[in-house]
Amino acid sequence: AVVSTQSTGVVAVDRDGKGTMLKLNYLPVSVTLSVFDGTTIPDPTEAEERIEEGSVTCCVDQKGTVRAVWSSGHLPDELISGTLKYAVTRADILCSILQKVTGD
């Protein structure tokens, strides 16, 4: 279980299972995309990361809202915009699969 200590604000895992479960209001999905020669590569391997021109990592919730973006390299705005659209679509697919598996 995940527990939170109110006095310190620390969130930790309680391995005894006696802690209070925290409810997540959003289901975050992280997607990393590398860019090489104008091509977007999802979930790049180590070799692909070595030759990338840059990368974008997005955290998207189940409602399709982009919650955070990290980018590296010198990528044009339109390429970053395109990768964000891809990340939102991919997060939607992953959330749909998760809902089927969990039944929620």
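Residues numbered from 1 in each chain as written. Predicted model: local features only at pLDDT ≥ 70, side-chain atom pairs only at ≥ 80, totals over all residues. Heavy atoms only, no water.

Draft legend 1. How the structure looks around the confidence of the model for the chain. This prediction gives the chain a mean pLDDT of 79; 76% of its residues lie at or above 70. Looking at the elements of the chain, mean pLDDT is at its lowest for strand β1 (residues 2-5), recorded as 60, and at its highest for helix α1 (residues 46-51), recorded as 90. (pLDDT = per-residue confidence, 0-100. Helix = DSSP H or I, 4+ residues; strand = E, 2+ residues; numbered from the N terminus.)

Draft legend 2. Broad picture of the pairing of strand β4 (residues 39-42). Summarising the sheet, strand β3 (residues 29-36) and β4 pair through four bridges and their orientation is antiparallel. Pairing of L33 across the sheet is with P42, part of β4. The antiparallel hairpin formed by β3 and β4 contains two residues in its connecting segment, where D37 sits at a positive phi of about 55°. (Pairing = 2+ DSSP bridges.)

Draft legend 3. Spotlight on the nonpolar core. Of all hydrophobic cores here, the largest spans 13 residues; its most connected members are V29, V31, V56, C58, V60, L75 and A87. Of all elements in the fold, only β3, β5 (54-60) and α2 (77-102) reach the threshold of two or more residues within this core. When residues in this core are grouped by element, the largest group, five residues, is from α2. Setting aside residues up to four positions removed in sequence, A87 forms contacts with V31, L33, C58 and V60. (Core = buried A, V, L, I, M, F, W, Y, C linked by side-chain atoms within 4.5 Å. Buried < 20%, exposed > 50% of the residue type's maximum accessible area, 1.4 Å probe, protein only. Contact = heavy atoms within 4.5 Å.)

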